[in-house]
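Residue-level listing of the chains:
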Amino acid sequence: MTEAANMDAYASNRRINIDEVVLVKQCRQGDSAAMERLILRYQNRIYNVILKICADPDDAAELTQETFVKIIENINKFEGRSGFYTWAFRIAVNLTLNYCRRNVKLGFRSLDAEQVQYNSQAKQLLRQFLSDDSSLEPAVVAQNREMCEIAVEALMKLDDAQRAVVVLRDIEGMGYARIAEVLDIKLGTVRSRLSRARSRLRQILEAIL
Amino acid sequence: MKENPEIDELLNSFIDGELTARQQTEVQRLMAHDAKIAQRLRQLQKCKMLVSSLPVAEAPDEILEDVKASLEKRTLLGEQGSDFDERAGARHLLVRKVMAAAAMIGLVAVLATVVYTILAPEPVLEGPVAFEVRELPGEIEAARPKPRMVAVEFNGRLELKTSALVAVDAFINRAIEDNGLSVSISPARQQDKSVYSLRCSQDGLNLLLADLGSIWEKFDSATLSVETEAFGRQVVVNAVTAEQIAEIVNQDSLQRRTEVARDFALLNDTAERLPGREILAAIDDGSRHLITIPKPVLTSSQRTTKKPAGRAEDKQKVHLVIVVAGSE
């Protein structure tokens, strides 16, 4: 099967917006307008995922830029077997995880980062949210900056692989099968890794609160 | 509730909607019957909700421009896409593989040569070989393998010219008889010359040459023609001496014999052209013994090889035709 046929099959089988396939084709032909549209379409989602994994806005911006440069440079290699979206996120997550490993090795980021003193009201609110009988809406958490910081801190205490699975599932909203494709791991691994990650996150949050 | 990884996986899959309808029903049934499982489900759901509720960050506005600038910069710097890099890399890798394979083959060939040199049996000597006789202790001598040698027949023709044909002829006949070579001689008397077709051993010839050496001065010329390994080609040694003949005949191979004969031919011709010869020609015959030009001999021990005495292979290996003719 040719690459074009692969892409057509991909578009029809997975019901992906045909616009994306067209954009990718145009981009492969050197159409800079198509390239811009692809970047604009995905930049926020990719940036958000990268930021949630690496937790540094500047590094996230740089990694996002690097991701798109790699995407454009390697667009001819994209054969359409997986979705463009999956392929793009695979590049982004791989770059980010490599960055995290490098920083841990160089000591730029410590998993035992200094404990931040949070406002007791935020802690109380979060504790209430996590309690079994609470009916507090998640929107309350999203509106409280300190609660978000606590959640991010807990997220950053997960190991890189667990954090990547949690971010792709709970922030990007990917299904298990797509996460497996992006991370190039088995479906069962996604299932078990995500389960361990959520259990661990709960423990970390309880320790913080 | 105490954590149970399997239940947790099931509950997380339930939360994420990754279970089949049947599995979902099963989980709901479990929760209905077990409050702890229901509690655990709520804990995990809260975790998911917390992370999901984190605000979505927007990419900085300059991302697009930065990407464009980065791509332009790479293009200006001549950095090709990874497609190009990959092709170039593949070519480079192929060249390196070929070179490595060639180097390996070369190395194996060299090693094989070295191993063959070390382990290969000594070549069987088809022709005679030169060897040096050394005094060895009896046991060692007995244990030492004898070299296999095949004597090569010497074929040559010695032409002697003398003004005293009758006397020289008589002397040669007597020497032949004294040395017990009469059986192997086929003398033929022709007009003004005697022809001796001699088939004998090297030792027999050496004895005859020793006798002839005492009257060598009686010969006005002595020319030896030696057959070479090349069929029909001969080396002619002018002004040859009895010692030189013995030395040539005693070589064990045709090649060595030819080389020695050529050396003597060259040396004798050179000696004939030395100024002393012209002086000799100008001086009276009676004073010849006062000025003598020594015949050249080979001095290098490597050039000539003496054969050990008593070798069985020596027998009847010399065929020398001696022609004694009168000088004009």
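So, a few notes on the structure that sits alongside this text. (Residues numbered from 1 in each chain as written. Chains lettered and ligands numbered in written order. Predicted model: local features only at pLDDT ≥ 70, side-chain atom pairs only at ≥ 80, totals over all residues. Heavy atoms only, no water.)

### Re unusual backbone geometry
To keep things clear, this is the line we draw: Counting from the N terminus, the helices are DSSP H or I runs at least four residues long and the strands are E runs at least two residues long. Residue exposure (1.4 Å probe, protein chains only): buried if accessible area is under 20% of the type maximum, exposed if over 50%, otherwise partly exposed.
In this structure, A55(A) is a non-glycine residue whose phi angle is positive, near 70 degrees. The residue A55(A) is located in the loop between α3 (32-54) and α4 (57-73) in this model. Under the relative-accessibility criterion, A55(A) is labelled partly exposed at 37%. The phi dihedral of A239(B) falls on the positive side, at around 50 degrees, and the residue is not glycine. By the element assignment, A239(B) lies in the loop between β5 (234-237) and α9 (242-249).

### Quick look at the pattern of salt bridges
The cut-off we apply is this: Salt bridges are defined by distance alone: a side-chain nitrogen of Lys or Arg within 4 Å of a carboxyl oxygen of Asp or Glu.
All chains considered together, the criterion is met by 16 salt bridges over all chains. One salt bridge in this structure joins K48(B) and D170(A), with 3.2 Å as the shortest N-O distance. Placement of K48(B) in helix α3 (residues 35-52) and of D170(A) in helix α9 (residues 160-171) is noted, with the two residues assigned to different chains. Look at K48(B) and you get buried, because its relative accessible area is 14%. What makes D170(A) buried here is its relative accessible area of 5%. A salt bridge links R198(A) to D16(B); the shortest N-O distance between them is 2.9 Å. Linking R198(A) in helix α11 (residues 187-208) with D16(B) in the loop between α1 (5-15) and α2 (21-33), this pair reaches from one chain into another. For the pair R198(A) and D16(B), a shared accessibility class is recorded, and that class is buried. Residues joined by salt bridges that share partners form a network here, namely R169(A), D170(A), R198(A), D16(B) and K48(B).

### Considering the nonpolar core
Selection criterion: Grouping buried Ala, Val, Leu, Ile, Met, Phe, Trp, Tyr and Cys residues that are joined through side-chain atoms within 4.5 Å yields what is termed a nonpolar core.
Judged by nonpolar contacts, the single largest core of 78 residues is most densely connected at F84(A), L126(A), L168(A) and L183(A). By size, the runner-up hydrophobic cluster in this structure holds 39 residues, among which are L209(B), L212(B), A242(B) and V318(B).

### A look at the interface of chain B and chain A
Formally: The contact criterion used throughout is that any non-hydrogen atoms of two residues lie within 4.5 Å. Accessible area that two parts lose when put together, evaluated with a 1.4 Å probe and summed over both, is termed the buried area. The term polar contact refers here to a pair of N or O atoms within 3.5 Å; inside protein, the definition further demands a hydrogen-donor-capable atom paired with an acceptor-capable atom, and it admits residues adjacent in sequence only when both atoms are side-chain atoms.
Every contact between the two is made by 40 residues of chain B and, on the other side, 49 residues of chain A. Together, the buried faces of chain B and chain A total about 4200 Å²; carbon and sulfur atoms form 60% of this surface. Among the residues of chain B in contact with chain A, K46(B), L50(B) and L54(B) are the three that bury the most area, contributing 15% of the side total. On the surface where chain B and chain A come into contact, there are four salt bridges. Between chain B and chain A we count 17 residue pairs in polar contact (both at pLDDT 80 or more) in total.

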